[in-house]
Amino acid sequence: IAARPPKGTMLENRRKALVVDDESDVRLFVRTILETEGWHVVEAVNGQEAIDMANDEAPDLIVLDLMMPVKDGFETFKELREGVFTKDIPVVMLTAINQFEQEAKEDEASVGNRYGVARPEGFVEKPVDPVFLLYTINGAVR
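The structure displayed is predicted, hence computed values, not measured ones. (Residues numbered from 1 in each chain as written. Predicted model: local features only at pLDDT ≥ 70, side-chain atom pairs only at ≥ 80, totals over all residues. Heavy atoms only, no water.)

Asks: What is the right way to look at the overall build of the chain in this model?
Replies: The helix and strand tally for the chain stands at 7 helices and 5 strands. When the helices and strands of the chain are read in sequence order from the N terminus, they spell out α-β-α-β-α-β-α-β-α-α-β-α. Counting all 142 residues of the chain, 45% fall into the buried class. Relative to all contacts within the chain whose residues are 6 or more apart in sequence, the contacts with residues 24 or more apart total 64%. (Helix = DSSP H or I, 4+ residues; strand = E, 2+ residues; numbered from the N terminus. Buried < 20%, exposed > 50% of the residue type's maximum accessible area, 1.4 Å probe, protein only. Contact = heavy atoms within 4.5 Å.)

Asks: How should the pairing of strand 3 (residues 61-65) be read in this particular structure?
Replies: The two faces of a sheet get side chains in turn, since along a regular strand they alternate between them. Counting buried residues along strand 3, 5 of its 5 residues qualify, which places the element largely inside the surrounding structure. Along strand 3, one buried face is formed by Leu61, Val63 and Asp65 and the opposite face, lined by Ile62 and Leu64, is buried too. Sheet analysis places strand 1 (residues 16-20) next to strand 3, joined by 4 bridges and oriented parallel. Pairing of Val20 across the sheet is with Leu64, part of strand 3. Examined bridge by bridge, strand 3 and strand 4 (residues 91-95) share 4 bridges and lie parallel to one another. Looking across to strand 4, one finds that Leu64 is bridged to Met93. (Pairing = 2+ DSSP bridges.)

Asks: Sorry, what's going on with unusual backbone geometry here?
Replies: What you tend to see is this: most non-glycine residues have negative phi, and most peptide bonds are trans. The linkage connecting Lys126 with the following residue, Pro127, adopts the cis geometry, with an omega of 0 degrees. For Pro127, the location among the structural elements is in the loop between strand 5 (122-125) and helix 7 (130-140).

Asks: Explain helix 4 (residues 73-82) to me, please; I cannot follow it from the model alone.
Replies: In an α-helix, one full turn covers 3.6 residues, which means residues spaced three or four apart are oriented alike. All buried positions along helix 4 are accounted for by Gly73, Phe74, Thr76, Phe77, Leu80 and Arg81. An end-on view of helix 4 places all buried positions within 165 degrees of arc, on one side of the element. Where helix 4 starts, the residue carrying a side-chain oxygen 3.0 Å from the main-chain nitrogen of Phe74 turns out to be Asp72. (Arc of directions from axis to C-beta. Polar contact = N/O pair within 3.5 Å; in protein donor to acceptor, adjacent residues only side chain to side chain.)

Asks: I tried to follow the pairing of strand 2 (residues 40-44) on my own but got confused; where do I start?
Replies: Of the pairings in the sheet, the one linking strand 1 to strand 2 comprises 5 bridges and is parallel in character. The residue bridging Ala17 from the neighbouring strand is Val41, located in strand 2. Read from strand 1 through helix 2 (residues 24-36) to strand 2, the crossover connection turns out right-handed. (Right-handed = clockwise from strand over helix to strand, strands pointing away.)

Below is the structure:
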């Protein structure tokens, strides 16, 4: 377990993002974009690791891939929304498929009825456009 930085340090004041994707090149790409904007980034390679890290790290944002082994983005998102400590963390979904993005256009009640939770704060299609990713994140994290 990593120790928290001492009070008054620059790192303490940085926002923290958890980037979750089973593809290392995607994690590196998103990490680089976020770090350029001043974010501190931690990474997970699957949904179960993401849930564990979200509980331990208390990130300000989660960038979550949809298609992953062990626990996919749908399962992970649902579990995050149901978690006491993770339910209010903004989530931006990365998707190479249009299904979940199309559902984002539905009203929140229908998505909630289908998944039992509120929809993510944003959707970004792969391949990731850096400008659109930052635009979406800025809209999700206020």
